[in-house]
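Topology and contacts: notes
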Amino acid sequence: MYNKIQETVEFLKKRGIQEPDFGIVLGTGLGSLVNMINTEISIPYKEIPNFPVSTVQGHSGTLIYGKLGNKNVVAMQGRFHYYEGWKMKEVTFPIRVMKFLGIENLIVSNASGGVNPSFKVGDIMIINDHINMMPEHPLRGMNDDRFGPRFLDLHEPYNLKMIEVMENIARQNNIPVQKGIYLALQGPTFETPAEYKMVSLMGADAVGMSTVPEVIVAKHMGMHCFGISVITDLGIEGYVEEVSHEAVQLAAKSSEKKISKLVKEFVKSWE
Ligand code: HPA
């Protein structure tokens, strides 16, 4: 895998991606956050050597490079999900590439189902911890020490300073934010009422099908991670409603402007 990563990195550097400061993974319904980036280079995944090609509706699959505020960012418009059939090493491949492009800071976004009874649809949640319930671990198998350690410490999966900075930005901009624990399941089914209850009993505030593998791999390589989630549906006892991919996309869209603003100000202010 190491050599494949170098090959992809070489390709991207030749295409003009130089010294990026931030990597951003745009989640379901949040793809148009890309509009806030002053795009200089835009490459469809299918043109990038060794990149998997995303198939899900609502995930367009383009790597974007450009300026956000005063920073160079690489954004993934469309991510890879385990439920699509990819192996975890494939799901997380672009994160490895980001690191070898020189990126130290990762922002991941997603849509999730809220199980915290104080949450509402459209709420924005800063992820302050996660529970990994995915069936395959991205670090399973022989460890390559060039990436990171065999036994990875995860006492601070989401960078506390980044959380604090984002909370301040949200306050200054009068954008209310929640904070909570994200639990990852493989999907592609949404949860049954009993499963939402399980998620809640396990101590999580929201549940989704992504993010955790990417964060684990980013941490493996020593990157700082910030995660943000839009609550697109609720799985609260007595209130478990019908949910669809379209409803999730629509609900995510309703908060897109606010998340864009937060992410932009955040990147601008980060030193
Ligand atoms: N479960 C899993 N993934 C999700 C959900 C959910 O309820 N909502 C949006 N993505």
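In this report, we go over the structure that sits alongside the text. Just so it is clear, the model here is predicted, and its values are computed rather than measured. (Residues numbered from 1 in each chain as written. Predicted model: local features only at pLDDT ≥ 70, side-chain atom pairs only at ≥ 80, totals over all residues. Heavy atoms only, no water.)

Ala111, Ser112, Gly113, Phe190, Glu191, Tyr196, Val207, Gly208, Met209, Thr232, Asp233 and Val248 make up every residue found near the ligand. Within the side chain of Tyr196, one N or O atom sits 2.8 Å away from an oxygen atom of the ligand. Between the ligand and Thr232, the relevant distance is 3.5 Å, taken from a nitrogen atom to a side-chain nitrogen or oxygen of the residue. Residue assignment for the shell around the ligand shows that the elements contributing at least two residues are strand S5 (105-114), strand S8 (206-208) and strand S9 (224-234). (Near = heavy atom within 4 Å. Polar contact = N/O pair within 3.5 Å; in protein donor to acceptor, adjacent residues only side chain to side chain. Helix = DSSP H or I, 4+ residues; strand = E, 2+ residues; numbered from the N terminus.)

Moving on, we get to the packing of helix H4 (residues 160-172) against helix H7 (residues 245-269). Direction vectors running N to C along H4 and H7 enclose 125°, while the axes themselves pass 10 Å from each other. Compared by their axis directions, H4 and H7 come out oblique. Our pair here, H4 against H7, has a crossing hand that is right-handed. Touching Met162, Val165, Met166, Ile169 and Ala170 of H4 are Leu262, Val263, Glu265, Phe266 and Ser269, all from H7. (Axes fitted to C-alpha atoms, helices over the stretch in contact; angles between N-to-C directions. Parallel < 35°, antiparallel > 145°, perpendicular 65-115°, else oblique. Left-handed = near helix turned anticlockwise from the far one by under 90°. Contact = heavy atoms within 4.5 Å.)

This paragraph deals with the pattern of salt bridges. In total, this model carries ten salt bridges according to the counting rule given. Of the charged contacts in the structure, one is a salt bridge between Glu214 and Arg79, with a shortest N-O distance of 2.6 Å. Separated by 135 residues along the polypeptide, Glu214 in helix H6 (residues 212-220) and Arg79 in the loop between strand S4 (71-77) and helix H2 (88-91) bring together distant segments of the chain. Two residues, Glu167 and Lys179, come together in a salt bridge whose shortest N-O distance is 3.3 Å. Pair noted here: Glu167 is in helix H4 and Lys179 is in strand S7 (residues 178-184), with a separation of twelve residues, a long-range link. Three or more residues are tied together by salt bridges with common partners; here these are Lys261, Glu265 and Lys268. (Salt bridge = Lys/Arg side-chain N within 4 Å of Asp/Glu carboxyl O.)

Counting buried positions along strand S1 (residues 22-26) gives five out of five residues, so the element sits mostly inside the fold. Burial along S1 is two-sided: the face carrying Phe22, Ile24 and Leu26 and the face carrying Gly23 and Val25 are both buried. Of the strand pairs in this sheet, S1 and S4 are connected by five bridges, and their pairing is parallel. Counterpart to Leu26 in the pairing with S4 is Gln77. In terms of strand pairing, S1 meets S5 through four bridges, oriented parallel. Looking across to S5, one finds that Phe22 is bridged to Asn105. (Buried < 20%, exposed > 50% of the residue type's maximum accessible area, 1.4 Å probe, protein only. Pairing = 2+ DSSP bridges.)

This part takes up H7. For H7, spanning 25 residues, the distance from its first C-alpha to its last is 34 Å, which sits close to the expected 36 Å at 1.5 Å a residue. Where H7 is concerned, the buried positions are His245, Val248, Ala251, Ala252, Ser255, Glu256, Ile259, Ser260, Leu262, Val263, Phe266 and Val267. (Expected span 1.5 Å × (residues − 1).)

Another point: unusual backbone geometry. Residues Gly187 and Pro188 are joined by a peptide bond in cis, for which omega reads 0°. Relative to the assigned elements, Pro188 resides in the loop between S7 and helix H5 (193-201). The phi torsion at Asn50 lies on the positive side, around 75°, for a residue other than glycine. Inspection of the secondary structure puts Asn50 in the loop between strand S2 (38-44) and strand S3 (62-68). By relative accessible area, Asn50 is classed as partly exposed at 30%. Even without being glycine, Thr211 reaches a positive phi, approximately 70°. Here Thr211 lies in the loop between S8 and H6.

Taken as a whole, this structure holds eleven aromatic pairs when the rule is applied. An angle of 55° between the planes, with centres 5.1 Å apart, marks the rings of Tyr45 and Phe51 as tilted. Here Tyr45 falls in the buried class, since its relative accessible area comes to 1%. We note Arg96 situated over the ring of Phe147; from NZ or CZ to the ring centre the distance is 4.4 Å. The ring of Tyr2 has Arg146 sitting right over it, with the charged end atom 3.8 Å from the ring centre. (Phe/Tyr/Trp six-rings, centres within 6.5 Å; stacked < 30°, edge-to-face > 60°. Lys NZ or Arg CZ within 6 Å of the ring centre and 35° of its normal.)

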